[in-house]
Amino acid sequence: MEYISSDTNVWLDFVTINRLELPFKLPYIYLMNDEAVDDELLNPPSLGEDLIDRGLRKTQLAYEEFILAGQLTNKYIKLSLYDCVALAIAKVRKITLLTGDGALRKAAKAEKVEVIGTIGILDQLLENQCINAEEFSYCIHELLKNNGGKVRLPAAELKKRLNQLEVSGI
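Residues numbered from 1 in each chain as written. Predicted model: local features only at pLDDT ≥ 70, side-chain atom pairs only at ≥ 80, totals over all residues. Heavy atoms only, no water.

(A) View of the overall build of the chain. Within the chain one finds nine helices and five strands. Its helices and strands taken in sequence order, the chain reads β-α-β-α-α-β-α-α-β-α-β-α-α-α from the N to the C terminus. By the compact-globule yardstick of 15 Å for 170 residues, the chain fits well, its C-alpha radius of gyration being 16 Å. Taken along the three principal axes of its C-alpha coordinates, the chain extends 50 × 30 × 30 Å. Considering only contacts within the chain whose residues lie at least 6 apart along the sequence, 64% involve residues at least 24 apart. (Helix = DSSP H or I, 4+ residues; strand = E, 2+ residues; numbered from the N terminus. Rg over C-alpha atoms; globule rule 2.2 N^0.38 Å. Contact = heavy atoms within 4.5 Å.)

Given below as structure tokens:
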């Protein structure tokens, strides 16, 4: 099992489309700082609990991660403290960062940290046959329907996935 450091927004995407269980079908262990779980996963009220029940693991910062998170906060002023914490965990532990936040993705790239987001998770679910094409299509349609509101994903990438399904005849 591969560890992934988790930000909040991808979980909100999956809540919005009522598919919170899907990322847990992949062979990943999602980690999130314990304070971030308690402070950021507040809406819907049971979100933090639901994620933990499905397998999200709360983690505490190691000293090196704590120091790095502080440095990242000064370096990337557009990022929240918890964004920097998630990035610090990923960088120090040499694991992938789960986020859809544009500024955080940019910072991760600058810090040479691999990133995956909502669309990447859906792609992997389909590629690994954890979901079928019909479920994949439903998820993409729901994300598009909510895009610009609760969901903020690149519409062109979502539409590209739908076009690929059509071309493949699924």
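Read on for the rest.
(B) How the structure looks around the pairing of strand 1 (residues 2-6). Pairing analysis gives four bridges linking strand 1 to strand 2 (residues 28-33), with the strands arranged parallel. Paired with Y3 across the two strands is I29, which belongs to strand 2. Assessed by its sense of winding, the connection that carries the chain from strand 1 through helix 1 (residues 9-16) to strand 2 is right-handed. Bridge count between strand 1 and strand 4 (residues 96-98): three bridges; the pairing is parallel. Along strand 4, the bridge assignment pairs S6 with L98. (Pairing = 2+ DSSP bridges. Right-handed = clockwise from strand over helix to strand, strands pointing away.)

(C) Region of interest: the sheet that holds strand 4. Strand order in the open sheet made by the five strands is 3-2-1-4-5, with parallel pairing throughout. With partners counted over all chains shown, the strands left at the sheet margins are strand 3 (57-59) and strand 5 (115-116), one partner each.

(D) Geometry of the packing of helix 4 (residues 63-75) against helix 5 (residues 81-93). Where helix 4 meets helix 5, the closest approach of the two axes is 8 Å, and the angle between their N-to-C directions is 130°. With respect to helix 5, the element helix 4 is oriented oblique. Remark: the crossing between helix 4 and helix 5 carries right-handed chirality. Residues E64, E65, L68, A69, L72 and T73 of helix 4 lie in contact with helix 5, whose contacting residues are L81, C84, V85, L87, A88, I89, K91, V92 and R93. (Axes fitted to C-alpha atoms, helices over the stretch in contact; angles between N-to-C directions. Parallel < 35°, antiparallel > 145°, perpendicular 65-115°, else oblique. Left-handed = near helix turned anticlockwise from the far one by under 90°.)

(E) Broad picture of helix 5. Taking 1.5 Å of rise per residue, the 13 residues of helix 5 would be expected to cover 18 Å, and the 18 Å separating its terminal C-alpha atoms lies within 8% of that figure. Buried residues of helix 5: Y82, D83, C84, V85, A86, L87, A88, I89 and A90, and no others. (Expected span 1.5 Å × (residues − 1). Buried < 20%, exposed > 50% of the residue type's maximum accessible area, 1.4 Å probe, protein only.)

(F) The arrangement of the side chain of R161 in detail. Structurally, the position occupied by R161 is in helix 9 (residues 155-167). Residue R161 is classed as buried on the basis of its relative accessible area of 12%. A distance of 2.8 Å separates polar atoms of two side chains, one belonging to R161 and the other to D123. Side chain to side chain, R161 and E157 meet in a polar contact 2.6 Å long. Residue contacts for R161: discarding those within four places in its chain leaves I119, D123, F136 and I140. (Polar contact = N/O pair within 3.5 Å; in protein donor to acceptor, adjacent residues only side chain to side chain.)

(G) Main features of the packing of aromatic side chains. Enumeration over the complete set of coordinates arrives at four aromatic pairs. Pairing W11 with Y30 gives two aromatic rings, centres 5.1 Å apart and planes at 85°, and the pair type is edge-to-face. Taken as a pair, W11 in helix 1 and Y30 in strand 2 lie far apart in primary sequence, 19 residues in all. Here the two residues W11 and Y30 agree in accessibility, since each one is buried. (Phe/Tyr/Trp six-rings, centres within 6.5 Å; stacked < 30°, edge-to-face > 60°.)

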